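# Descriptive structure summary
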Amino acid sequence: MKKIILSIGLVLGGLLTGFCQARFLGAGTIEFERRINIHRQMERENVEEESDFWKEFMSKQPKFQNSYFNLSFNKDKGLYQPGREPDKKLEPWLLGPAKENIVLTDYSSNQLISRRKVFEENFIVEDSLDRLEWKISSETREIAGFECRKAVAVISDSVYVVAFYTDEIPVSGGPESFGGLPGMILGLAVPRLYTTWFATKVEITEAPASAFKINERGKKIAGSQMATLLQSTFTDWGKRGEKFVWWSLL
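## A look at the overall build of the protein chain
On a plain count of helices and strands, the protein chain comes out with 6 helices and 12 strands. Per-residue burial for the protein chain yields a buried fraction of 44% across its 250 residues. Here the analysis covers contacts within the protein chain between residues at least 6 apart in sequence; of these, 59% occur between residues at least 24 apart. Accessible area for the protein chain stands at about 13,900 Å²; split by element, carbon and sulfur atoms hold 52% of it.

## What to know about the layout of surface pockets
In this approach, a probe sized like a water molecule rolls over the atoms, and the result shows the empty space that is left. The space that makes up the largest pocket amounts to roughly 640 Å³. Lining the largest pocket are 28 residues, and of these Pro92, Leu95, Gly96, Lys99 and Glu100 sit closest to its centre. The set of elements that each furnish at least two residues to the lining of the largest pocket consists of strand 2 (64–73), helix 4 (92–95) and strand 5 (111–118). Top element by residues in the lining of the largest pocket is strand 2. It accounts for 4 residues.

## Observations regarding the pairing of strand 11 (residues 195–203)
Of the pairings in the sheet, the one linking strand 1 (residues 28–37) to strand 11 comprises 8 bridges and is antiparallel in character. Residue pairing in the sheet places Glu31 in a bridge with Lys201 of strand 11. Alignment of strand 10 (residues 184–190) against strand 11, held across 4 bridges, turns out to be antiparallel. Across the sheet, residue Gly187 finds its bridge partner in strand 11, namely Phe198. The loop that links strand 10 with its antiparallel partner strand 11 comprises 4 residues; one of these, Tyr194, has a positive phi angle of about 50°.

## A look at the sheet that holds strand 4 (residues 102–106)
Pairing within the open sheet is mixed, and its 12 strands lie in the order 7-8-9-10-11-1-2-3-4-5-6-12. Looking at strand neighbours, the two that pair on one side only are strand 7 (135–143) and strand 12 (219–222), the edges of this open sheet. In this sheet, adjacent strand axes meet at a mean angle of 25° when their direction is disregarded. The strands touched by helix 5 (residues 223–233) are strand 5, strand 6 (121–128) and strand 12; relative to strand 12, the strand with the most contacts, the crossing angle is about 105°. On top of the sheet, helix 6 (residues 238–248) reaches strand 1, strand 5, strand 9 (159–166) and strand 11; it is set at about 140° to strand 5, its chief contact.

## Regarding empty space enclosed by the protein
Applying the stated criterion to the full structure yields 2 cavities of 30 Å³ or more. The wall of the largest cavity is formed by 14 residues, among which Thr105, Tyr107, Gly174, Glu176 and Phe178 lie closest to the centre. Where the lining of the largest cavity is concerned, the elements lending two or more residues are strand 3 (77–82) and strand 4. Counting residues per element, the lining of the largest cavity draws most heavily on strand 3, at 3 residues. Classifying every residue of the lining of the largest cavity by side-chain character gives 8 nonpolar, 5 polar and 1 charged. If you add up the space inside the second largest cavity, you get close to 40 Å³.

## Describing the packing of aromatic side chains
Tallied over the full model, the rule gives 6 aromatic pairs. Ring centres 6.4 Å apart and planes at 65° place the aromatic pair Phe32 and Tyr80 in the edge-to-face group. Of this pair, Phe32 sits in strand 1 while Tyr80 sits in strand 3, and the two are 48 residues apart along the sequence. For the pair Phe32 and Tyr80, a shared accessibility class is recorded, and that class is buried. With 5.1 Å between their ring centres and 5° between their planes, Phe69 and Tyr80 make a pair best called stacked. Residue Phe69 is found in strand 2, and its partner Tyr80 is found in strand 3; the two are separated by 11 residues along the sequence. Accessibility expressed as a relative area gives 2% for Phe69, which makes it buried. Joined through ring pairs, the aromatic side chains of Phe32, Phe69 and Tyr80 make up one cluster.

What counts and what doesn't
Residues numbered from 1 in each chain as written. Predicted model: local features only at pLDDT ≥ 70, side-chain atom pairs only at ≥ 80, totals over all residues. Heavy atoms only, no water. Helix = DSSP H or I, 4+ residues; strand = E, 2+ residues; numbered from the N terminus. Buried < 20%, exposed > 50% of the residue type's maximum accessible area, 1.4 Å probe, protein only. Contact = heavy atoms within 4.5 Å. Areas by Shrake-Rupley, 256 points an atom, 1.4 Å probe, with all protein chains shown as cover. 1 Å grid on protein atoms, 1.4 Å probe; cavity = no way out; pocket = protein on both sides within 12 Å on 5 of 7 lines; lining within 4 Å. Points joined across faces, edges and corners; volume = space filled by probe spheres on them. Pairing = 2+ DSSP bridges. Axes fitted to C-alpha atoms, helices over the stretch in contact; angles between N-to-C directions. Nonpolar A, V, L, I, M, F, W, Y, C, P; charged D, E, K, R; others polar. Phe/Tyr/Trp six-rings, centres within 6.5 Å; stacked < 30°, edge-to-face > 60°.

Structure below.
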(Lines give C-alpha, C1' and ligand atoms only; values in the text may rest on other atoms or scores of the structure.)
Protein backbone atom coordinates (compact mmCIF):
# COMPACT_ATOMS: atom_id res chain seq x y z
CA MET A 1 0.00 0.00 0.00
CA LYS A 2 2.83 2.38 0.88
CA LYS A 3 4.50 1.64 -2.46
CA ILE A 4 1.28 2.47 -4.32
CA ILE A 5 0.88 5.77 -2.46
CA LEU A 6 4.53 6.61 -3.10
CA SER A 7 4.14 5.88 -6.83
CA ILE A 8 1.01 8.01 -7.07
CA GLY A 9 2.83 10.82 -5.25
CA LEU A 10 5.76 10.66 -7.67
CA VAL A 11 3.43 10.77 -10.67
CA LEU A 12 1.48 13.71 -9.31
CA GLY A 13 4.72 15.47 -8.40
CA GLY A 14 6.02 14.99 -11.92
CA LEU A 15 2.80 16.33 -13.43
CA LEU A 16 2.87 19.33 -11.11
CA THR A 17 6.50 20.02 -11.95
CA GLY A 18 5.75 19.81 -15.67
CA PHE A 19 2.78 22.16 -15.26
CA CYS A 20 4.86 24.71 -13.35
CA GLN A 21 7.67 24.44 -15.87
CA ALA A 22 5.26 25.06 -18.75
CA ARG A 23 4.01 28.21 -17.04
CA PHE A 24 7.59 29.27 -16.35
CA LEU A 25 8.69 28.81 -19.96
CA GLY A 26 5.82 30.83 -21.37
CA ALA A 27 6.67 34.07 -19.57
CA GLY A 28 9.45 35.50 -17.45
CA THR A 29 12.47 37.79 -17.30
CA ILE A 30 15.95 37.05 -18.62
CA GLU A 31 19.04 38.95 -17.55
CA PHE A 32 21.73 39.24 -20.22
CA GLU A 33 25.33 40.19 -19.59
CA ARG A 34 26.85 42.04 -22.53
CA ARG A 35 30.67 41.88 -22.64
CA ILE A 36 32.60 44.21 -24.97
CA ASN A 37 36.34 44.01 -25.57
CA ILE A 38 36.96 47.76 -25.53
CA HIS A 39 40.62 47.56 -26.54
CA ARG A 40 39.90 45.53 -29.66
CA GLN A 41 36.88 47.62 -30.56
CA MET A 42 38.84 50.87 -30.36
CA GLU A 43 41.90 49.67 -32.28
CA ARG A 44 42.99 52.09 -34.97
CA GLU A 45 43.02 50.96 -38.60
CA ASN A 46 46.81 51.01 -38.62
CA VAL A 47 48.26 50.07 -35.23
CA GLU A 48 51.70 51.37 -36.24
CA GLU A 49 50.26 54.85 -36.65
CA GLU A 50 48.79 55.01 -33.14
CA SER A 51 50.22 57.94 -31.21
CA ASP A 52 51.98 57.49 -27.88
CA PHE A 53 49.21 59.55 -26.28
CA TRP A 54 46.52 57.16 -27.60
CA LYS A 55 48.45 54.09 -26.51
CA GLU A 56 48.91 55.48 -23.01
CA PHE A 57 45.26 56.51 -22.82
CA MET A 58 44.01 53.06 -23.84
CA SER A 59 46.40 51.35 -21.43
CA LYS A 60 44.49 53.04 -18.59
CA GLN A 61 41.09 51.82 -19.80
CA PRO A 62 39.60 48.49 -18.70
CA LYS A 63 39.94 45.79 -21.35
CA PHE A 64 36.33 44.68 -21.00
CA GLN A 65 33.10 46.46 -20.22
CA ASN A 66 30.29 44.33 -18.81
CA SER A 67 26.76 45.71 -18.75
CA TYR A 68 23.36 44.19 -18.10
CA PHE A 69 20.00 44.10 -19.86
CA ASN A 70 16.63 42.59 -18.98
CA LEU A 71 14.29 40.91 -21.44
CA SER A 72 10.74 40.65 -20.08
CA PHE A 73 8.60 38.37 -22.22
CA ASN A 74 5.37 36.46 -22.60
CA LYS A 75 3.97 34.53 -25.53
CA ASP A 76 2.85 37.74 -27.26
CA LYS A 77 5.47 40.42 -26.56
CA GLY A 78 8.99 41.09 -25.33
CA LEU A 79 10.70 44.19 -23.94
CA TYR A 80 14.51 44.40 -23.91
CA GLN A 81 16.04 47.31 -21.98
CA PRO A 82 19.01 48.28 -19.79
CA GLY A 83 19.07 46.56 -16.41
CA ARG A 84 21.30 46.98 -13.36
CA GLU A 85 24.30 49.28 -13.41
CA PRO A 86 27.35 48.14 -15.42
CA ASP A 87 30.48 46.96 -13.64
CA LYS A 88 32.43 49.95 -14.93
CA LYS A 89 31.10 53.13 -16.52
CA LEU A 90 32.94 54.50 -19.52
CA GLU A 91 32.67 57.72 -21.47
CA PRO A 92 29.91 57.44 -24.13
CA TRP A 93 32.30 58.35 -26.95
CA LEU A 94 34.56 55.47 -25.94
CA LEU A 95 31.69 52.99 -26.18
CA GLY A 96 30.24 54.39 -29.41
CA PRO A 97 26.60 54.68 -30.53
CA ALA A 98 23.54 52.54 -29.78
CA LYS A 99 24.78 50.87 -26.61
CA GLU A 100 21.58 51.23 -24.56
CA ASN A 101 18.89 50.18 -27.00
CA ILE A 102 15.31 49.52 -25.93
CA VAL A 103 13.46 47.01 -28.11
CA LEU A 104 9.74 46.18 -28.04
CA THR A 105 8.85 43.05 -30.02
CA ASP A 106 5.45 41.73 -31.05
CA TYR A 107 6.03 37.99 -31.46
CA SER A 108 2.63 37.34 -33.03
CA SER A 109 3.33 39.70 -35.96
CA ASN A 110 7.16 39.31 -35.98
CA GLN A 111 7.45 43.11 -35.87
CA LEU A 112 9.55 45.22 -33.55
CA ILE A 113 10.06 48.84 -32.57
CA SER A 114 13.40 49.90 -31.10
CA ARG A 115 14.67 53.10 -29.56
CA ARG A 116 18.31 53.74 -30.46
CA LYS A 117 20.53 56.68 -29.64
CA VAL A 118 23.15 57.34 -32.30
CA PHE A 119 25.31 60.02 -30.72
CA GLU A 120 22.94 62.95 -30.08
CA GLU A 121 19.89 61.76 -32.05
CA ASN A 122 17.20 59.32 -30.97
CA PHE A 123 15.77 57.00 -33.63
CA ILE A 124 12.58 54.96 -33.43
CA VAL A 125 13.24 52.06 -35.78
CA GLU A 126 10.57 49.74 -37.13
CA ASP A 127 11.78 46.38 -38.41
CA SER A 128 10.96 42.68 -38.70
CA LEU A 129 12.20 39.62 -36.83
CA ASP A 130 12.29 37.79 -40.16
CA ARG A 131 15.11 39.92 -41.55
CA LEU A 132 17.75 37.24 -40.95
CA GLU A 133 18.23 33.84 -42.57
CA TRP A 134 19.39 31.54 -39.80
CA LYS A 135 21.25 28.29 -40.39
CA ILE A 136 20.75 25.86 -37.51
CA SER A 137 23.46 23.35 -36.60
CA SER A 138 23.53 20.27 -34.36
CA GLU A 139 26.00 21.86 -31.89
CA THR A 140 24.62 22.48 -28.39
CA ARG A 141 25.70 24.06 -25.13
CA GLU A 142 24.09 24.81 -21.78
CA ILE A 143 23.31 28.43 -20.89
CA ALA A 144 21.63 29.50 -17.64
CA GLY A 145 20.47 25.93 -17.08
CA PHE A 146 18.93 25.46 -20.53
CA GLU A 147 20.14 23.29 -23.39
CA CYS A 148 20.68 25.55 -26.39
CA ARG A 149 21.26 24.84 -30.07
CA LYS A 150 23.64 26.83 -32.26
CA ALA A 151 22.49 28.93 -35.22
CA VAL A 152 24.40 31.35 -37.45
CA ALA A 153 23.40 34.30 -39.63
CA VAL A 154 24.89 37.32 -41.38
CA ILE A 155 23.97 40.98 -40.83
CA SER A 156 25.00 44.00 -42.91
CA ASP A 157 26.02 41.65 -45.77
CA SER A 158 29.23 40.43 -44.12
CA VAL A 159 29.02 40.43 -40.30
CA TYR A 160 28.86 36.92 -38.86
CA VAL A 161 26.50 36.32 -35.91
CA VAL A 162 26.43 33.22 -33.70
CA ALA A 163 23.36 32.50 -31.58
CA PHE A 164 22.38 29.79 -29.11
CA TYR A 165 18.63 29.33 -28.62
CA THR A 166 16.50 27.00 -26.52
CA ASP A 167 13.18 25.49 -27.53
CA GLU A 168 12.44 25.01 -23.83
CA ILE A 169 11.35 28.66 -23.99
CA PRO A 170 9.06 28.58 -27.06
CA VAL A 171 9.24 32.32 -27.73
CA SER A 172 11.05 33.65 -30.80
CA GLY A 173 13.01 36.41 -29.05
CA GLY A 174 16.47 37.34 -27.84
CA PRO A 175 18.77 40.23 -26.94
CA GLU A 176 18.69 43.46 -28.96
CA SER A 177 16.50 42.95 -32.06
CA PHE A 178 17.56 39.34 -32.65
CA GLY A 179 14.95 36.61 -32.93
CA GLY A 180 13.25 34.57 -35.61
CA LEU A 181 14.44 31.20 -34.27
CA PRO A 182 12.22 28.38 -32.93
CA GLY A 183 12.96 29.35 -29.34
CA MET A 184 14.52 32.03 -27.14
CA ILE A 185 18.10 33.14 -27.83
CA LEU A 186 20.10 32.91 -24.59
CA GLY A 187 23.58 33.39 -26.07
CA LEU A 188 24.82 35.65 -28.85
CA ALA A 189 28.22 36.62 -30.26
CA VAL A 190 29.24 39.14 -32.92
CA PRO A 191 32.97 38.47 -33.35
CA ARG A 192 33.68 41.52 -35.53
CA LEU A 193 32.29 43.73 -32.78
CA TYR A 194 34.23 41.80 -30.11
CA THR A 195 30.98 41.48 -28.15
CA THR A 196 28.89 38.71 -26.57
CA TRP A 197 25.50 38.56 -24.87
CA PHE A 198 24.79 35.65 -22.52
CA ALA A 199 21.88 35.00 -20.18
CA THR A 200 22.93 34.93 -16.55
CA LYS A 201 19.54 33.93 -15.13
CA VAL A 202 15.93 33.28 -16.11
CA GLU A 203 13.27 34.21 -13.56
CA ILE A 204 9.53 33.52 -13.15
CA THR A 205 8.57 37.20 -13.04
CA GLU A 206 5.86 37.88 -15.57
CA ALA A 207 5.55 41.59 -16.35
CA PRO A 208 2.08 43.18 -16.54
CA ALA A 209 0.71 44.01 -20.00
CA SER A 210 1.15 47.73 -19.25
CA ALA A 211 4.95 47.26 -19.04
CA PHE A 212 5.33 46.46 -22.73
CA LYS A 213 5.76 49.94 -24.14
CA ILE A 214 8.56 52.36 -25.02
CA ASN A 215 8.98 56.10 -25.35
CA GLU A 216 8.49 56.74 -29.07
CA ARG A 217 9.91 60.27 -29.11
CA GLY A 218 12.52 60.43 -31.83
CA LYS A 219 13.02 60.26 -35.56
CA LYS A 220 10.86 57.42 -36.88
CA ILE A 221 12.50 55.38 -39.61
CA ALA A 222 12.30 51.92 -41.18
CA GLY A 223 15.16 49.48 -40.60
CA SER A 224 16.14 49.50 -44.30
CA GLN A 225 16.21 53.32 -44.35
CA MET A 226 18.28 53.38 -41.17
CA ALA A 227 21.03 51.35 -42.84
CA THR A 228 21.20 53.71 -45.82
CA LEU A 229 21.25 56.80 -43.59
CA LEU A 230 24.05 55.49 -41.38
CA GLN A 231 26.19 54.30 -44.28
CA SER A 232 26.07 57.76 -45.85
CA THR A 233 26.77 59.44 -42.49
CA PHE A 234 29.86 57.36 -41.69
CA THR A 235 31.17 56.94 -45.22
CA ASP A 236 34.42 58.82 -44.46
CA TRP A 237 35.05 57.19 -41.07
CA GLY A 238 36.79 54.07 -42.39
CA LYS A 239 36.58 50.82 -40.43
CA ARG A 240 35.52 52.61 -37.27
CA GLY A 241 32.55 54.03 -39.15
CA GLU A 242 31.64 50.52 -40.33
CA LYS A 243 31.52 49.35 -36.71
CA PHE A 244 29.29 52.30 -35.79
CA VAL A 245 26.87 51.24 -38.53
CA TRP A 246 26.86 47.60 -37.41
CA TRP A 247 26.25 48.58 -33.79
CA SER A 248 23.39 50.89 -34.73
CA LEU A 249 21.65 48.12 -36.70
CA LEU A 250 21.79 45.34 -34.07
